[in-house]
Amino acid sequence: TGRHGDDRHHDGHAQPRSGEHQRRQDREGGEGGGGRELVERVARLEAPFFGALASLRANPAVGDIRGRGFLAAIEFVADRETRQPFDRAHRFAERFAGRAFANGLIVWPNAGNVDGTNGDLVIVAPPFTTTEEELEEIVRRLDRTLKEMT
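Computed from a predicted structure; not experimentally measured. (Residues numbered from 1 in each chain as written. Predicted model: local features only at pLDDT ≥ 70, side-chain atom pairs only at ≥ 80, totals over all residues. Heavy atoms only, no water.)

The next thing to look at is the overall build of the protein chain. Assigned secondary structure in the protein chain consists of 4 helices and 4 strands. Reading the helices (α) and strands (β) of the protein chain from amino to carboxyl end gives α-α-β-β-α-β-β-α. Within the protein chain, buried positions represent 37% of all 150 residues. Taking contacts inside the protein chain between residues at least 6 apart in sequence as the whole, the part at least 24 apart equals 47%. Only carbon and sulfur atoms are counted for the fraction: they give 51% of the accessible area of the protein chain, which is about 8,800 Å². (Helix = DSSP H or I, 4+ residues; strand = E, 2+ residues; numbered from the N terminus. Buried < 20%, exposed > 50% of the residue type's maximum accessible area, 1.4 Å probe, protein only. Contact = heavy atoms within 4.5 Å. Areas by Shrake-Rupley, 256 points an atom, 1.4 Å probe, with all protein chains shown as cover.)

Given below as structure tokens:
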């Protein structure tokens, strides 16, 4: 519990806790106490995470996947061979984020990574407590979203 005797954190915002979240906190050393273990855990799961994300390259709209740990960027292109970005008016990243949300996934859309205006990508950043099975589910939902968009 936080400073108010409930589930509030340092910033005062309520953070509801699921039983699974609490079990993970207990297993990983509690809030603030398990930082090193969490970082080591993410380092261990980085390869499986990016290995699963690599399957998204089968979709021609995926131009690149890059990142480190549990921070991944998926770049979208209209033409993979020339790396031509989607026309900005298409708002691919924003539409992808909306579609992903409908599929139960939150991603951060970004635009302008090519020239300040054009270029679409989304950032995927699961919590450090995410399990390998949950990482695989994230990739399944990303794949479903891509298939719905292209």
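Turning our eyes to something else, we now look at the nonpolar core. Core analysis: the biggest nonpolar cluster contains 30 residues, and Leu53, Leu56, Ile74, Phe96, Val107 and Leu142 have the highest contact counts within it. Those elements giving two or more residues to this core turn out to be α2 (35–54), β1 (62–68), β2 (71–76), α3 (92–102), β4 (120–124) and α4 (132–149). Aside from chain neighbours lying at most four places away, what touches Leu53 is Ile65, Ala72, Ile74, Val139 and Leu142. (Core = buried A, V, L, I, M, F, W, Y, C linked by side-chain atoms within 4.5 Å.)

We now examine unusual backbone geometry. Both trends apply: most residues other than glycine have a negative phi, and most peptide bonds are in trans. Within the chain, Arg83 stands out as a residue other than glycine whose phi angle is a positive 65 degrees. Position of Arg83 among the secondary structure elements: in the loop between β2 and α3. Under the relative-accessibility criterion, Arg83 is labelled partly exposed at 39%. For Arg91, which is not a glycine, the phi torsion comes out positive at approximately 50 degrees. If you trace the backbone, Arg91 turns up in the loop between β2 and α3.

A separate point is α2. Taking 1.5 Å per residue as the helical rise, α2 with its 20 residues ought to reach 28 Å, and the 28 Å between its terminal C-alpha atoms agrees with that figure. Maximum bend of α2: about 40 degrees, positioned at Leu45, with proline Pro48 one to four residues after it. Inspection of α2 places Leu38, Arg41, Val42, Leu45, Phe49, Phe50, Ala52 and Leu53 among the buried residues, and these make up the whole buried set. Residues of α2 that are buried make contact with β1, β2, β4 and α4. (Expected span 1.5 Å × (residues − 1). Bend = angle between axes of the 7 residues up to and from the residue.)

Attention now goes to the packing of α3 against α4. In the contact formed by α3 and α4, the axes pass within 9 Å of each other and the chain directions differ by 125 degrees. Between α3 and α4, the crossing angle belongs to the class labelled oblique. Note that α3 runs across α4; the crossing there is right-handed. The residues of α4 that touch α3, namely those facing Phe92, Arg95, Phe96, Arg99 and Ala100, are Leu142, Thr145, Leu146, Glu148 and Met149. Its residues assigned to classes, the contact of α3 with α4 shows 6 nonpolar, 1 polar and 3 charged. (Axes fitted to C-alpha atoms, helices over the stretch in contact; angles between N-to-C directions. Parallel < 35°, antiparallel > 145°, perpendicular 65-115°, else oblique. Left-handed = near helix turned anticlockwise from the far one by under 90°. Nonpolar A, V, L, I, M, F, W, Y, C, P; charged D, E, K, R; others polar.)

Turning to the pairing of β1, a few remarks are in order. In this sheet, β2 lies alongside β1 in antiparallel orientation, the contact comprising 6 bridges. Its bridge partner lying in β2, Arg68 is registered against Leu71. Where β1 folds back on β2, the antiparallel hairpin that results is connected by 2 residues, among which Gly69 adopts a positive phi of roughly 60 degrees. (Pairing = 2+ DSSP bridges.)

Function-wise, these values are silent; they only describe arrangement.
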